[in-house]
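Spelled out, the chains give:
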Amino acid sequence: MQTISNTDIEKRHSDCYYLEYYFIPMLVEGVQTAELEAEALLHIELWPEFIRQHIDQEFEYDWDNLHCEGVELNEEYLLAVYIFPEPEEAPLAKYGAVLINRVTNEAVYYTFEKSINGRWVLGSKSLESHYNYGSVEDMNIDKFVDWVIERADVEPIFAAKGRNLPS
């Protein structure tokens, strides 16, 4: 039986944190400055190689348990929804979503993060700041997406059943 050292656990936590709180916000900033197309936020299959080549050759992440779905809210708005691997500890995220205005390139990254004492926190993250919207009970992906849409004050043009989000 192979044992996992504290160093391995710390590295895995660090890599998860990096992806959720630095890499995705870096992509969001690229969309905001029009250096990247909004679709860069959806092509998670390209992320592992990019990170290994440009950031950290030893980067470790549970890529098989990262899911992404693009949701067209209307002609103007696209939502990139992420289901991350189950967070082992705070402040790792369970879900993430980037709301993108394709006309203005405005984009906001929202998170549903594990907190202390069995609680969860809704937040938003950019490269410059992290905002906490408060502590909540655990929620499913549909409730999180509804919360993001409410925050953005966007009227979706799809029915709840039509989202086809991974469960």
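Scroll up to find the structure this text is about.
The structure reproduced in this document is the subject of the present report. Bear in mind that the values here come from a model prediction, so they are computed numbers and not experimental data.

1. Quick look at the packing of aromatic side chains
- Enumeration over the complete set of coordinates arrives at 20 aromatic pairs.
- Taking 5.6 Å as the distance between ring centres and 90° as the angle between the ring planes, the aromatic pair formed by Tyr110 and Trp147 counts as edge-to-face. Residue Tyr110 is found in strand 4 (residues 107-114), and its partner Trp147 is found in helix 3 (residues 141-152); the two are separated by 37 residues along the sequence. Here the two residues Tyr110 and Trp147 agree in accessibility, since each one is buried.
- Taking relative accessible area as the criterion, Trp147 reaches 14% and is therefore assigned buried.
- Here the aromatic cluster, defined as three or more aromatic residues joined through ring pairs, consists of Tyr95, Tyr110, Phe112, Trp120, Tyr131, Tyr133, Phe144 and Trp147.
- Its end group placed over the ring of Tyr22, Lys125 keeps NZ or CZ at 5.2 Å from the ring centre.

2. What to know about the sheet that holds strand 1 (residues 67-72)
- Strand order in the open sheet formed by six strands is 1-2-3-4-5-6, and the pairing between neighbours is antiparallel. The two strands at the open ends of the sheet, each matched to only one other strand, are strand 1 and strand 6 (130-136). Recorded for the sheet is a direction-independent mean angle of 15° between the axes of neighbouring strands.
- Pairing of strand 4 with strand 5 (residues 120-125), which is carried by five bridges, proceeds in the antiparallel orientation. Residue pairing across strands places Thr111 opposite Gly123, the latter belonging to strand 5.

3. Considering the nonpolar core
- By size, the foremost hydrophobic cluster in this structure holds 28 residues, and its most contacted members are Leu19, Leu41, Trp47, Tyr82, Phe84 and Val98.
- If you list the elements that add at least two residues to this core, you get helix 1 (6-32), helix 2 (47-54), strand 2 (77-83), strand 3 (93-101) and strand 4.

4. Remarks on the pattern of salt bridges
- Under the criterion given, the structure shown has four salt bridges.
- Measuring nitrogen to oxygen at the nearest pair gives 2.9 Å for the salt bridge that ties Arg102 to Glu72. With Arg102 in the loop between strand 3 and strand 4 and Glu72 in strand 1, this pair connects stretches of sequence that are 30 residues apart.
- Residue class for Arg102 comes out partly exposed when judged on its relative accessible area of 34%.
- For Glu137, the salt bridge identified is with Arg119, shortest N-O distance 2.3 Å. Remark: Arg119 occurs in the loop between strand 4 and strand 5 and Glu137 occurs in the loop between strand 6 and helix 3; sequence separation between them is 18 residues.
- On the basis of relative accessible area, Glu137 is assigned to the exposed category, the value being 53%.
- Among the ionic contacts, a cluster of salt bridges with common partners joins Glu39, Glu72 and Arg102.

5. Some details on the pairing of strand 5
- Across the six residues of strand 5, six count as buried, placing the element largely inside the fold.
- Here strand 5 shows no split at all, with Trp120, Leu122 and Ser124 on one side and Val121, Gly123 and Lys125 on the other all buried.
- From the end of strand 4 to the start of strand 5, which pair antiparallel, there are five residues, and Asn117 there has a positive phi angle of about 60°.
- Two elements, strand 5 and strand 6, share six bridges in a ladder whose sense is antiparallel. Considered in strand 6, the bridge of Ser124 is made with Tyr131.
- Counting the residues that bridge the hairpin from strand 5 to strand 6 gives four residues.

6. Some words on helix 2
- Of all the positions in helix 2, only Trp47, Pro48 and Ile51 are classed as buried. Relative to the axis of helix 2, the buried residues are bounded by an arc of 100° and lie together on one face. Exposed and oriented more than 90 degrees from the buried face of helix 2 are Gln53 and His54.

Analysis parameters
- Residues numbered from 1 in each chain as written.
- Predicted model: local features only at pLDDT ≥ 70, side-chain atom pairs only at ≥ 80, totals over all residues.
- Heavy atoms only, no water.
- Phe/Tyr/Trp six-rings, centres within 6.5 Å; stacked < 30°, edge-to-face > 60°.
- Helix = DSSP H or I, 4+ residues; strand = E, 2+ residues; numbered from the N terminus.
- Buried < 20%, exposed > 50% of the residue type's maximum accessible area, 1.4 Å probe, protein only.
- Lys NZ or Arg CZ within 6 Å of the ring centre and 35° of its normal.
- Pairing = 2+ DSSP bridges.
- Axes fitted to C-alpha atoms, helices over the stretch in contact; angles between N-to-C directions.
- Core = buried A, V, L, I, M, F, W, Y, C linked by side-chain atoms within 4.5 Å.
- Salt bridge = Lys/Arg side-chain N within 4 Å of Asp/Glu carboxyl O.
- Arc of directions from axis to C-beta.

Everything listed is a geometric property; what it means functionally is a separate question.
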